Amino acid sequence: QIQLNESGGGLVQPGESLRLSCAAAGTQLEIYAMAWFRQILGKQRELVASVNTDGGTNYADSVKGRFTVSRGDAKNTIYLQMNSLRPEDTAVYYCHSRVQGIDYWGKGTLVSVSS
């Protein structure tokens, strides 16, 4: 059973930055692709950014140029650097991976952007 553990959420003002971290435990495999999703209150969960072991990345249009997803030196660790945060970025952010056809989710970390 793979566990995804997120950290780094919090309350910030518009224009400020946060860095989220996610580490996967419970597998010796290197997970090819890992991603960040978010769920805004009352809306469906949406993809924010993804990264694979080849260095390929993908971003939602709403975060391009502001957010950067990267893999850490430790195996199966990813980060989400969020700059120029806006109130509309307020959401619960979830780490995700799919291994051998099974979806795994973290418990989520809350990011609140408010003045």
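Residues numbered from 1 in each chain as written. Predicted model: local features only at pLDDT ≥ 70, side-chain atom pairs only at ≥ 80, totals over all residues. Heavy atoms only, no water.

Examining the pairing of strand E11 (residues 109-113)
Stage number 1. Of all five residues in E11, four are buried, a share of seventy percent or more.
Stage number 2. In the sheet, strand E2 (residues 10-12) pairs with E11 via three bridges, with the strands oriented parallel. Paired with Leu11 across the strands is Ser112, a residue of E11.
Stage number 3. As paired elements, strand E9 (residues 91-99) and E11 share three bridges and run antiparallel to each other. Looking across to E11, one finds that Val92 is bridged to Leu110. (Buried < 20%, exposed > 50% of the residue type's maximum accessible area, 1.4 Å probe, protein only. Helix = DSSP H or I, 4+ residues; strand = E, 2+ residues; numbered from the N terminus. Pairing = 2+ DSSP bridges.)

Topic: the sheet that holds strand E8 (residues 77-82)
Stage number 1. An order of E1-E3-E8-E7 is seen for the four strands of this open sheet, with the pairing classed as antiparallel. In this open sheet, the two strands that pair with only one neighbour each are strand E1 (3-7) and strand E7 (67-71). If you compare each strand with its neighbour and ignore which way they point, the axes differ by 15° on average. (Axes fitted to C-alpha atoms, helices over the stretch in contact; angles between N-to-C directions.)

Observations regarding the side chain of Thr27
Stage number 1. Following the sequence through the fold, Thr27 ends up in the loop between strand E3 (18-25) and strand E4 (33-39).
Stage number 2. Among the polar contacts listed, one links the side chain of Thr27 to the backbone nitrogen of Leu29, at a separation of 3.0 Å.
Stage number 3. Those residues within four positions of Thr27 in sequence are excluded, and the remaining contacts are Ile2 and Asn76. (Polar contact = N/O pair within 3.5 Å; in protein donor to acceptor, adjacent residues only side chain to side chain. Contact = heavy atoms within 4.5 Å.)

A short note on the pairing of E1
Stage number 1. Residues Leu4 and Glu6 line the buried face of E1, whereas the alternating positions Gln3, Asn5 and Ser7 sit on a face that is not buried.
Stage number 2. In the sheet, E1 pairs with E3 via five bridges, with the strands oriented antiparallel. Bridging from a neighbouring strand, Asn5 pairs with Ala23 of E3.

A word on the state of the cysteines
Stage number 1. Taken as a whole and assessed by the stated rule, the structure comprises one disulfide.
Stage number 2. Shown here is the disulfide that connects Cys22 with Cys95, its sulfur atoms set 2.0 Å apart. Judged by the sign of its S-S torsion, about -80°, the cystine formed by Cys22 and Cys95 is left-handed. In this pair, Cys22 is assigned in strand E3 and Cys95 in strand E9, connecting sequence segments 73 residues apart.
Stage number 3. Among the residues examined, Cys22 registers a relative accessible area of 1% and is labelled buried. (Disulfide = S-S within 2.5 Å.)

What is shown is where atoms sit, not what they do.
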